[in-house]
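A closer look at the structure
Here is what each chain is made of, one letter per residue.
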Amino acid sequence: MAVAVGLGTAAAGGVEGIEETSVRALAKLEQVLPHRLRHRVGALTAATVPMLGRPGGPRVDARVLTELAYACRDFQRLRFRYADHDGAVTRRTVEPHRLVSAQCRWYLVGWDVDRADWRTYRADRITPAPPHGPRFTPRTPPAEDLAAYVSRGVSGRAFRTRATVLLRVPLERAVERVGPYDGVLEAVDEHSCLLRTGAHRLDVLVFHIALLGFDFEIREPAELADRVREIRDRLSRALA
């Protein structure tokens, strides 16, 4: 049952070329399932509507993921071309450590040899440029929790404007509204938590934070507080 559900999910996922393979495997599995389980899988499939995100969103070539995974496993340096957020392409030589999947996106965490630092790369922006190698001695990873490390990167460091905000709700309530792409949460006490987040513009940050639906206090930057006052005054004039 679990394998059937997993194949069905993969068939609607964000990995290029995996859909047809998953559908074929699921069809073969359903042929050998007992009638009782086949009926359950059919009912679950009929009752489920997948939310796939934006049409035409980023998709990863399954062969690229496999190549990255082999390099992580075999401690082999990777050479690839990487397109950044603005489309500029650079050549990278990386000691790959792990792949991190986040909803429909995949990220490679690795040590950038030329920049002498840990970096996170979107897998759908990677074009391998073999030959790869040589083998390397693994380094101590940048964080024990790599999922949280990547979350901090994609929700803050990549943006032009970053902010730290105190939310006046317990961490347990905040996590119901703040996803991995929205920011990183840190408990302060049983009544509040810190949110570190980012955006390309101050206005986007203001409404992102306000629409969480919690009382909050801006810790930094000061420009964000100024922008909140300007928007408050504009809204007050509109109501008047």
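Computed from a predicted structure; not experimentally measured.

What counts, and at which threshold
Residues numbered from 1 in each chain as written. Predicted model: local features only at pLDDT ≥ 70, side-chain atom pairs only at ≥ 80, totals over all residues. Heavy atoms only, no water. Helix = DSSP H or I, 4+ residues; strand = E, 2+ residues; numbered from the N terminus. Buried < 20%, exposed > 50% of the residue type's maximum accessible area, 1.4 Å probe, protein only. Polar contact = N/O pair within 3.5 Å; in protein donor to acceptor, adjacent residues only side chain to side chain. Contact = heavy atoms within 4.5 Å. Pairing = 2+ DSSP bridges. Expected span 1.5 Å × (residues − 1). Arc of directions from axis to C-beta.

**Section: the side chain of Asp-112**
Within the secondary structure, Asp-112 is located in strand S5 (residues 105-112). Judged by its relative accessible area of 0%, Asp-112 is buried. In terms of polar contacts, Asp-112 uses its side chain to reach the side chain of Arg-92, at 3.3 Å. Looking at Asp-112, its side chain comes within polar contact range of the side chain of Tyr-121, at 2.8 Å. Discounting residues that sit within four places of it in the chain, Asp-112 has contacts with Arg-92, Thr-93, Val-94, Asp-117, Arg-119 and Tyr-121.

**Quick notes on the pairing of strand S6 (residues 117-122)**
Examined bridge by bridge, S5 and S6 share six bridges and lie antiparallel to one another. Across the sheet, residue Trp-111 finds its bridge partner in S6, namely Trp-118. Count of turn residues in the S5/S6 antiparallel hairpin: four residues, of which Ala-116 carries a positive phi of about 50°.

**Considering helix H8 (residues 222-239)**
Taking 1.5 Å as the rise per residue, H8 with 18 residues should run 26 Å; its terminal C-alpha atoms sit 26 Å apart, in good agreement. For H8, the set of buried residues is Leu-224, Ala-225, Arg-227 and Ile-231. Buried residues along H8 cover an arc of 160° about the axis, so they all sit on one side. Residues Ala-222 and Arg-237 are exposed on H8 and point more than 90 degrees away from its buried face. Contacts made by the buried residues of H8 are with strand S8 (161-167), helix H7 (202-210) and strand S11 (216-220).

**Description of unusual backbone geometry**
With an omega of 15°, the peptide bond running from Pro-130 to Pro-131 counts as cis. Residue position: Pro-131 is located in the loop between strand S7 (126-128) and helix H5 (146-157). Omega for the bond connecting Glu-220 with Pro-221 falls within 30 degrees of zero, at 0°, which places this linkage in the cis form. Mapped onto the secondary structure, Pro-221 falls in the loop between S11 and H8.

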